[in-house]
Amino acid sequence: MKRCFSILAMMVLLCFARGTNVSGNEDNINASDGIYGNWAIEMPSGATGWLTLKKVDGVPQGELWTVGGGKKLLDLAVVDGSGCSFKRMIRVGAPEYVGGPPTGERLKIHHEGKLLEDRLVIKYSLPGGAVNGYEGKRIERLPTRPNLDLLKFGKPVTLFNGTDLKGWKPVNSEQKNGWEAVDGELRNTTPKTDFSQYSRFGNLQTSTDFTDFNLKIDFKVPRGGNSGIYLRGLYEIQVVDRDSRMQGIQGVGSVFGRISASNNSGKAGGEWNTYDITLVDRHVTVVLNDEKVIDNQPIEGCTNGALQPFDDLPGPIYLQGDHTSVAYRNIVLTPIVSTHRDDSKIAVMETAFNKRADASSFEDARKAGYNAIQMHSGMPAGKRIKKIDPSFNLELATDEKVIERWKEESLKHQVKVISLCAGSLNKCEIWGADRELATKIAKQTIDACEELGVEVMLFPFFGPSKFQTGDETISGVADFMTELLPYAKSKKVVIGIEAPVTTKRVVELLSRLDFPEHLKIYYDTGNLYPLEDIYESMSLYGHQHFCQVHIKPCEAAVVGDGKIDLAKLAAALDEAQYDGWLVYEAGKGGKEPVRNRKKIQKIDSLRTQLKVTE
């Protein structure tokens, strides 16, 4: 993969900008709905971009970004959900210099797109008959908004030593270099004074790539000056004179073209300004001159001038030099090494609050001190249900407002959904009369996982599908999973089997299926304590086969007060090198979730060496 592309070659910068230049109501499109979705583009020339295809009021819409803002695709048509055609205005003339933009008048060029498995292939013909093309890779959904109070930082790194350009390099070596170290300042000197996007003077980037971090940096532009600071080579934080014509979403303190600063806290041209910027999980917080102007907001897509289109890759800090003169100093980056201050992964299942698929569970979890939760995907209304009607559908699948409500509550209370439990499957005989119903419920839960950005679906086997003994039962489960697993794999969701059967029995099932990547064990300490040596099972199978673990009291209200030895449990997890979530699952509300959280938190670390302090 080409890691550094010349931004001067970027005549096509296709970026996803939800709602930009589109009227009407955007239809709910899943990431797997054929050609619809968001696509990262790498072109043969090294140019990059982002593309979005969606429906608005039932009508296909598409957008691309070129320098200056988002623009619709022209004459867009979608065929059978797997093909499309559109036109776009582009320049096709030779660049004035190596790495520069194409020249000439803009021409309306016809494009054809086709979905081939996980790739979007686009081709277009230029005047004279030459055929060009490029491919797109589907862009992952935005992660849940991070809790900044739980961040753990590494050692600060000074990016500019004040005396030379060590640790920095040109983005495009074919351009003129206006950068030098002078009197402790990193200065870019150019004769350019306008706001046009291209120049023979080049940009500068760090030699090292970064992922999530806090960046502190001072900048100074002349009156009317303009530059930019790119985070991970993707997102431009605007550097501009506060009194210039660049205001709003293009003004100082903004993520260029994406997020407006809440106020203009910049200083006049010729004065030093200070940025304090935190980027984590594609969310950004910007403090300008001690005023918070962007507060932990999601960045929907790359900004103009991005070096590469993939959100999941690290990238450099790079500074614009192809605009006007600018100076920087005091450049210090502090990497974020964990989004959980104590590195622990402790969650709660919402049934601990006597609730199922209830949006209010997020508030309950936060009040009990948890920052993560396992939600239930839903049950039919009523109590003591022995059999589910075949026509039953999960509310998550029939009412799109449910998922949106969960997302809102997750953000509001800063509680992340880490898995979904399809508890209604306990009422189904998956290899018998209820096979069709069970398949529907499982797929609807997997779809909800995808919508929420959740990687694990808990599949319980406590009812008629229990497979403790006999070849017929385990063969029935194997056949069912053979049909379901391709669907889970397509949605990047792991199915976690939780059953009151021995771990060896579940491993036997996994073996029959050749240990598929998207089928794991969801281990429950309370359920399995009477059946086997849970500490031995964890030590043997935890690292390779466990996706998540339920920490449940056994014959006690609180973990560690009954027969389960918390110290031995921690040691077994440590021996297995298990670094996943521990989910408190039992209880009837009240103080038990809080008391159990405190007990589980005696495990100091789940990623390095686990220990229990009494």
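Definitions and cut-offs
Residues numbered from 1 in each chain as written. Predicted model: local features only at pLDDT ≥ 70, side-chain atom pairs only at ≥ 80, totals over all residues. Heavy atoms only, no water. Buried < 20%, exposed > 50% of the residue type's maximum accessible area, 1.4 Å probe, protein only. Helix = DSSP H or I, 4+ residues; strand = E, 2+ residues; numbered from the N terminus. Contact = heavy atoms within 4.5 Å. Polar contact = N/O pair within 3.5 Å; in protein donor to acceptor, adjacent residues only side chain to side chain. Pairing = 2+ DSSP bridges. Core = buried A, V, L, I, M, F, W, Y, C linked by side-chain atoms within 4.5 Å. Salt bridge = Lys/Arg side-chain N within 4 Å of Asp/Glu carboxyl O.

(A) Highlighting helix 6 (residues 503–512). Buried within helix 6 are the following residues: Thr503, Arg505, Val506, Val507, Leu509 and Leu510. Next to the buried residues of helix 6 lie helix 5 (471–490), strand 28 (494–498), strand 29 (519–524), helix 7 (525–528) and helix 8 (534–545). A positive backbone phi angle near 65° is found at Asp514, which sits one or two residues after helix 6.

(B) Structural detail: the environment of Ser360. Take Ser360: it is sitting in the loop between strand 24 (346–349) and helix 1 (361–367). Note: C-alpha distance between Ser360 and Ser410 (50 residues apart in sequence) is 9.9 Å. Side-chain polar atoms of Ser360 contact the side chain of Asp358, separated by 2.8 Å.

(C) Just the sheet that holds strand 22 (residues 318–319), in detail. Read from one edge to the other, the open sheet built from five strands follows the order 12-15-22-17-18, with strand pairing classed as antiparallel. Edge strands, defined here as strands with exactly one partner in the open sheet, are strand 12 (168–170) and strand 18 (235–240). Sheet topology note: the strand 17 (residues 226–231)/strand 18 ladder contains six bridges and is antiparallel. Opposite Ile229, over in strand 18, you have Ile237 as the bridge partner.

(D) Structural context of the nonpolar core. Counting 80 residues, the largest nonpolar core has Trp406, Phe459, Phe461, Phe467, Met481, Ile495 and Ile497 as the members making the most contacts within it. With residues up to four places along the chain from it excluded, the contact list for Ile497 reads Phe459, Phe461, Phe467, Met481, Val506, Leu509, Leu519, Lys520, Ile521 and Tyr522. Membership of the second largest hydrophobic core comes to 46 residues, among which are Leu159, Phe213, Phe310 and Leu319.

(E) Representation of the pattern of salt bridges. If you walk through the whole model with that rule in mind, you get 22 salt bridges. Across the salt bridge formed by Lys407 and Glu404, the nearest N and O atoms sit 3.8 Å from each other. Taken as a pair, Lys407 and Glu404 lie in helix 3 (residues 400–413) at a separation of three residues, close to a single helical turn. Residue classification places Glu404 among the partly exposed positions, given a relative accessible area of 38%. Between Arg405 and Glu409 there is a salt bridge; the shortest N-O distance is 3.0 Å. Of this pair, Arg405 and Glu409 both sit in helix 3, four residues apart, roughly one helical turn. Beyond isolated ion pairs, a larger network of salt bridges with shared partners links Asp471, Arg505, Glu508 and Arg512.

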